[in-house]
Amino acid sequence: MVKVIAIYGSPRRNGNTAILLREAVRGAREEGVDIEEVVLRDHEISPCMEIYGCIEDGRCAIEDDFQRVRDLLLRSDGLMLASPVFFYSVSAHTKAFMDRFQSLWVKKYWIDRVPFGKGVIKRKGLFLSVGATKGAKLFDGILLTIKYFFDVLDMELSRTLLFRGLDFEGDAQRHSEYLEEAHQAGREFARELLAWKGH
Ligand SMILES: Cc1cc2nc3c(=O)[nH]c(=O)nc-3n(C[C@H](O)[C@H](O)[C@H](O)COP(=O)(O)O)c2cc1C
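Residues numbered from 1 in each chain as written. Predicted model: local features only at pLDDT ≥ 70, side-chain atom pairs only at ≥ 80, totals over all residues. Heavy atoms only, no water.

S.K.: Can you walk me through unusual backbone geometry in this structure?
M.R.: For residues other than glycine, phi is negative in most cases, and the peptide bonds are mostly trans. Positive phi outside glycine occurs at Tyr52, with the angle close to 50°. Locating Tyr52 in the fold gives a position in the loop between strand S2 (34–39) and helix H2 (66–74). Exposure remark for Tyr52: the relative accessible area of 28% places this residue in the partly exposed category. Of note in the backbone geometry, Tyr88 takes a positive phi value of approximately 65° without being a glycine. Its location among the elements puts Tyr88 in the loop between strand S3 (78–84) and helix H3 (92–99). Among the residues examined, Tyr88 registers a relative accessible area of 47% and is labelled partly exposed. (Helix = DSSP H or I, 4+ residues; strand = E, 2+ residues; numbered from the N terminus. Buried < 20%, exposed > 50% of the residue type's maximum accessible area, 1.4 Å probe, protein only.)

S.K.: It is not clear to me how the pattern of salt bridges should be interpreted in this structure. Could you clarify?
M.R.: Note that side chains of opposite charge can pair when their charged atoms are close. In the structure shown here, the tally under the stated rule is 21 salt bridges. Of the charged contacts, one joins Asp71 and Arg70 as a salt bridge, the two residues approaching to 3.0 Å between their closest N and O atoms. Classification of Arg70 by relative accessible area gives buried; the value is 5%. Through salt bridges that share partners, Glu23, Arg26, Glu30, Glu31, Arg187 and Arg191 make up one connected network. (Salt bridge = Lys/Arg side-chain N within 4 Å of Asp/Glu carboxyl O.)

S.K.: Teacher, can you tell me more about the site of the ligand here?
M.R.: The ligand sits among 17 residues. The nearest are Ser10, Thr17, Thr133, Leu166 and Asp167. Within the side chain of Arg12, a nitrogen or oxygen atom sits 2.9 Å from an oxygen atom of the ligand. In this structure, a nitrogen atom belonging to the ligand sits 2.8 Å away from a main-chain N or O atom of Phe87. Its residues assigned to classes, the shell around the ligand shows nine nonpolar, six polar and two charged. (Near = heavy atom within 4 Å. Polar contact = N/O pair within 3.5 Å; in protein donor to acceptor, adjacent residues only side chain to side chain. Nonpolar A, V, L, I, M, F, W, Y, C, P; charged D, E, K, R; others polar.)

S.K.: What is the right way to read the sheet that holds strand S5 (residues 155–163) from this model?
M.R.: In space, the five strands of this open sheet follow the order S2-S1-S3-S4-S5, with parallel pairing throughout. At either end of the open sheet lies a strand with only one pairing partner, and these are S2 and S5. Averaged over all adjacent pairs, the angle separating strand axes in this sheet is 15°, with direction ignored. Pairing analysis gives seven bridges linking S3 to strand S4 (residues 123–130), with the strands arranged parallel. Pairing of Ala82 across the sheet is with Leu128, part of S4. (Pairing = 2+ DSSP bridges. Axes fitted to C-alpha atoms, helices over the stretch in contact; angles between N-to-C directions.)

S.K.: What is the right way to read the packing of aromatic side chains from this model?
M.R.: We describe a pair of aromatic rings using the distance from one ring centre to the other and the angle between the two ring planes. In this structure the tally under the stated criterion is 12 aromatic pairs. Their ring planes at 80° and their centres at 4.9 Å tell us that Phe66 and Phe101 sit as a pair that is edge-to-face. Highlighted residues: Phe66 in helix H2 and Phe101 in the loop between H3 and helix H4 (102–111), separated in sequence by 35 residues. Side by side, Phe66 and Phe101 carry an identical accessibility label, which is buried. Plain terms: the ring middles of Phe149 and Phe150 are 6.1 Å apart, the flat faces sit at 55° to each other, and that makes the pair tilted. Judged on exposure class, the residue Phe149 and its partner Phe150 are both buried. Here the aromatic cluster, defined as three or more aromatic residues joined through ring pairs, consists of Tyr52, Trp105, Tyr109, Trp110 and Phe116. The ring of Trp196 carries the charged tip of Lys124 above its face, separated from the ring centre by 5.1 Å. (Phe/Tyr/Trp six-rings, centres within 6.5 Å; stacked < 30°, edge-to-face > 60°. Lys NZ or Arg CZ within 6 Å of the ring centre and 35° of its normal.)

Any functional reading would require information beyond the geometric quantities listed.
What follows is the structure in structure tokens.
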């Protein structure tokens, strides 16, 4: 069974990223992948405290809900991650979660001494984001963050879904074309994962 973890990074449970990610998850499920959904705001995940308690074995020393979600992610074949644009980056919930993977960065690059850019791809990712404005550079910052986060996870960025001009709760529901795009992308992402895993 192909395993996917879907991570909701917005503080709003029914905000625009949540509605659109749910559509992508629905599409992926239709193709038969197994998806566990995680809402970051429901988890206690401290920011990285930069104590480098991970230096010996690459395990983050802060004990909270991070470990469970990290283990789910590391056991998965795919990640579907959604965050709104907050000041041209990801939401604080998403960023705190990402920063805790510095422990994995330490493991990969300091302990195991993997040469930069030479990791083997172990999973594939879909990233979804929305912003209120419509500028050409709206997702530039966030995509750079995602690129390096996915690298730590030995994950290829297979698919990005970026939606402009969505601000208030309910805005996404008014764009049936966006909902359909997310649904289709979820299906295609699942099909890509299934083919990649030989199903
Ligand atoms: C703290 C904060 C910062 C934001 N920064 C930006 C921004 O830099 N650019 C932008 O276009 N929208 C920005 N927005 C608007 C959100 O991206 C927008 O409302 C989005 O639809 C929220 O997604 P959600 O409903 O999934 O939470 C910001 C909103 C908040 C609350």
